[in-house]
Amino acid sequence: MQLYGALASPYVARVVMLARVKGVDLPIAGMPGGSPASDDYRAINPIGKIPALETEGRYLAESEVICEYVEEVAGGGPALPADPFDRATSRLVSRIVDLYLAPHTSTFFGQMNPAARDQDVVDAAAAELAKGFAYLEHYMGPGPFCVGADPTLGDCSAAPYVMLIKKTVFANFDSVSDPTESDGRLATWWQAIQGNEACRTTVEEYGDAVDAFMKAMAARVTGG
């Protein structure tokens, strides 16, 4: 198996973290044609998004599906709990990230310039983001990870996206509070992520990639 994509994507980071949690070697290959929009890449993934997984000459798309496949076939340790309800809860945490955090995060990219910022737009997006974090907190178990003592799929989905939000939203919008820096459940969860080598290494590598992206974006805006 090999993964097509780049660690600058939270969805690629999701799969990478899950493989590392399992102790599975999953190589990352560059995208055919150099871009998700290239004809070569779309020949294997017409959706045109990353990541894609190649296994024995066949291909899968969508990070959640890829994670489930790796969990089923790759061996290593479990990335989903044994208990059916806990497995469903881990999947629910991942689903909340995709439905209730991701869509609202992108709004902030259009509001990065303080001089052109629409505070009403920022406030509305911040309110929706806060709801998403509240949903996460509600469904997480006692922890320290989202379901129990070990990282699972839900953690692998949430941790890279929280790092993205830290780098792009919390670092640039003073009016938006970071719930992982409080005394609540999300703070203890984030501490658990930082205390696990596979999780910490992945979010740090992903954070570096986000920093590079933000620097490049700022240079395009300023012409520097």
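The preceding data block contains the structure.
Residues numbered from 1 in each chain as written. Predicted model: local features only at pLDDT ≥ 70, side-chain atom pairs only at ≥ 80, totals over all residues. Heavy atoms only, no water.

A.B. asks: What should I look at first to understand helix H1 (residues 10–22) in this one?
C.D. replies: An α-helical turn contains 3.6 residues, so a residue and the one three or four places further along point in the same direction. Taking 1.5 Å of rise per residue, the 13 residues of H1 would be expected to cover 18 Å, and the 18 Å separating its terminal C-alpha atoms lies within 8% of that figure. Counting buried residues along H1, 11 of its 13 residues qualify, which places the element largely inside the surrounding structure. When H1 is considered as a whole, its buried residues turn out to be Pro10, Val12, Ala13, Arg14, Val15, Val16, Met17, Leu18, Ala19, Val21 and Lys22. Its side-chain oxygen 3.1 Å from the backbone nitrogen of Tyr11, Ser9 forms the N-cap of H1. Two residues or fewer after H1 comes Gly23, characterised by a positive phi angle close to 80 degrees. (Helix = DSSP H or I, 4+ residues; strand = E, 2+ residues; numbered from the N terminus. Expected span 1.5 Å × (residues − 1). Buried < 20%, exposed > 50% of the residue type's maximum accessible area, 1.4 Å probe, protein only. Polar contact = N/O pair within 3.5 Å; in protein donor to acceptor, adjacent residues only side chain to side chain.)

A.B. asks: When you look at the pattern of salt bridges in this model, what are you seeing that I'm missing?
C.D. replies: When the charged atoms of two side chains lie near each other, side chains of opposite charge can form a pair. In this structure the tally under the stated criterion is nine salt bridges. The salt bridge partner of Glu205 is Arg20, with a shortest N-O separation of 3.1 Å. Remark: Arg20 occurs in helix H1 and Glu205 occurs in helix H8 (residues 197–222); sequence separation between them is 185 residues. Among the residues examined, Arg20 registers a relative accessible area of 32% and is labelled partly exposed. Ionic pairing is found between Lys167 and Asp211, a salt bridge with its closest N-O pair at 3.0 Å. Taken as a pair, Lys167 in helix H6 (residues 153–170) and Asp211 in helix H8 lie far apart in primary sequence, 44 residues in all. (Salt bridge = Lys/Arg side-chain N within 4 Å of Asp/Glu carboxyl O.)

A.B. asks: Explain unusual backbone geometry here, please?
C.D. replies: The bulk of non-glycine residues show a negative phi, and the bulk of peptide bonds are trans. In this structure, the amide linkage connecting Ile50 to the following residue, Pro51, adopts the cis form with an omega of 5 degrees. Following Gly143, the chain continues to Pro144 via a peptide bond in cis, the omega torsion being 15 degrees. Summarising the element assignment, Pro144 is placed in the loop between helix H5 (119–139) and H6. Its identity as a non-glycine residue notwithstanding, Glu56 has a phi of 55 degrees, on the positive side. Topologically, Glu56 is positioned in the loop between strand E3 (52–55) and strand E4 (58–61). We classify Glu56 as exposed; its relative accessible area is 75%. Located in the positive-phi region is Glu62, a residue other than glycine, with phi close to 75 degrees. Looking at the secondary structure, you find Glu62 in the loop between E4 and helix H3 (63–73).

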